[in-house]
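Topology and contacts: notes
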Amino acid sequence: MYGLVNKAIEELVVTNFGEDKWEQIKQKAGVEVDVFVSNEAYPDSVTYDLVGAASEVLGAPARDILIAFGEHWVLKTAATSYGAMMRAGGASLKEFLVNLPNFHTRVQMIYPKLQPPRFECSDIGENSLHLHYFTHRPGLTDFVIGLVQGLGKLYSTPTTAKVLSTKAGGADHDVFEVSWTSAAA
Ligand code: HEM
């Protein structure tokens, strides 16, 4: 994955737990990169190893790390570094989710070697929809839950993401039921 993903993990750890913990995590992961370059592609194993090591060093399940990372990605990384792109995604949570299938097409213009996830929406109602998530990468279901929760916070719209089926559980792909209440005034 592109370096900006690993950089965002670094930022999440350093902001919340300090520089020392980050150095311990890199060491445990066997990652010898001093500075991640945003627009350089790194093997996916670097990202997975960092998440695994963060789970050990911080004593938190990988699930919690992935959810926290998803929220951080939307609320900090995307909101600060890619504000215009995020705003173009939609004026409400529902609009953003309905437009999500096209989102990474724009990201790909900046990062041509991107191997993006694919999203589809179905069962679109007033306050809920089914979000379908397709990827060749394993183990990122909880990351998507964190991303959706982060989007709910971004739009001040209390949101829940319930897993309906997972590829890990034998389904063709992951499906989430995303539900929300009206945006806070
Ligand atoms: C401007 C904001 C965003 C940027 C710049 C961005 C960029 C990226 C990048 C660079 C990767 C790594 C893939 C690679 O390097 O090949 C990635 C992966 C991913 N992105 Fe985004 N993204 C953004 C917003 C979002 C949003 C809003 C969602 C969903 C709500 C999302 C869902 C994902 C997921 C699930 C992956 C994991 C890869 C996979 O499933 O195979 N991204 N994105």
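See the structure shown above.
Residues numbered from 1 in each chain as written. Predicted model: local features only at pLDDT ≥ 70, side-chain atom pairs only at ≥ 80, totals over all residues. Heavy atoms only, no water.

1. Overview of the overall build of the protein chain
For clarity, the threshold we go by: Secondary structure elements follow DSSP: runs of H or I of four or more residues count as helices, runs of E of two or more count as strands, with numbering from the N terminus. With C-alpha atoms as the basis for the radius of gyration, the globule rule is written as 2.2 Å multiplied by the number of residues raised to the power 0.38. Only protein chains enter the calculation, and the probe is 1.4 Å; a residue is then buried if its accessible area is under 20% of its type maximum, exposed if over 50%, and partly exposed in between. Note on contacts: a residue pair is in contact if any heavy atoms of the two residues lie within 4.5 Å. To be clear on the numbers: accessible area is Shrake-Rupley with a 1.4 Å probe, and residue cover counts the displayed protein chains and nothing else. Counted as positive: Lys and Arg. Counted as negative: Asp and Glu, with His and the chain ends omitted from the count. To locate a charge, the coordinates of NZ of Lys, CZ of Arg, CG of Asp or CD of Glu are taken.
Scanning the protein chain from terminus to terminus reveals seven helices and four strands. For a compact globule of 185 residues, the expected C-alpha radius of gyration is about 16 Å, and the protein chain comes in at 16 Å, within 12% of that figure. If one aligns the C-alpha atoms of the protein chain with their principal axes, the spans along those axes are about 50 × 35 × 35 Å. A total of 185 residues make up the protein chain; the buried ones form 44% of that total. At a minimum sequence separation of 6, the contacts of the protein chain that also span at least 24 residues come to 60%. When the accessible surface of the protein chain is totalled, it reaches about 9600 Å², and 54% of it is carbon and sulfur. Where the 15 positive side-chain charges of the protein chain centre and where its 21 negative ones centre are 3 Å apart.

2. Topic: the nonpolar core
The condition is simple: What makes a nonpolar core is a set of buried Ala, Val, Leu, Ile, Met, Phe, Trp, Tyr and Cys residues whose side-chain atoms join them at distances within 4.5 Å.
Core analysis: the largest hydrophobic core is formed by 54 residues, its most contacted members being Ile25, Leu50, Phe69, Leu97, Leu131 and Val178. Of all the elements, helix 4 (residues 62-81) adds the most residues to this core, at seven residues. Not counting residues within four places of it along the chain, the set of residues in contact with Phe69 comprises Val5, Ala8, Ile9, Leu12 and Phe143.

3. Section: the environment of Leu58
Position of Leu58 among the secondary structure elements: in helix 3 (residues 44-58). Overall, Leu58 belongs to the partly exposed group, its relative accessible area being 21%. When near neighbours in sequence (up to four residues on either side) are disregarded, Leu58 contacts Phe17, Lys21, Ile25 and Ile65.

4. Details of the packing of helix 1 (residues 3-17) against helix 4
Heads up, the condition is: As a rule, the C-alpha atoms of each element are fitted with a line to give its axis, helices using only the stretch in contact, and angles between N-to-C directions run from 0 to 180 degrees. When describing relative orientation, an angle under 35 degrees is termed roughly parallel and one over 145 degrees roughly antiparallel, while 65 to 115 degrees is termed roughly perpendicular and anything else oblique. Ten residue types, Ala, Val, Leu, Ile, Met, Phe, Trp, Tyr, Cys and Pro, are classed as nonpolar, four, Asp, Glu, Lys and Arg, as charged, and the remainder, Gly among them, as polar.
At a minimum axis separation of 10 Å, helix 1 and helix 4 run at an interaxial angle of 100 degrees. One way to sum up the angle between helix 1 and helix 4 is to call them roughly perpendicular. Residues Leu4, Val5, Ala8, Ile9, Glu11 and Leu12 of helix 1 form the contact with helix 4, whose participating residues are Ala68, Phe69, His72, Trp73, Lys76 and Thr77. Classifying every residue of the contact of helix 1 with helix 4 gives eight nonpolar, two polar and two charged.

5. Concerning the sheet that holds strand 1 (residues 118-122)
The line we're drawing: Pairing between strands is defined by DSSP: at least two bridges between them are needed.
Here four strands make up an open sheet; going across it, the order is 1-2-4-3 and the pairing antiparallel. If you trace the sheet from one side to the other, it starts and ends with strand 1 and strand 3 (159-165), each paired once. Here the strands of the sheet are splayed against their neighbours by 25 degrees on average, with no regard to which way each runs. The sheet contact formed by strand 1 and strand 2 (residues 128-134) spans five bridges and is antiparallel. The residue bridging Phe119 from the neighbouring strand is Tyr133, located in strand 2. The strands touched by helix 6 (residues 93-110) within the sheet are strand 1, strand 2, strand 3 and strand 4 (174-180), with strand 1 carrying the most contacts at an inclination of about 125 degrees.

Keep in mind that these numbers describe shape and distance, not what the molecule does.
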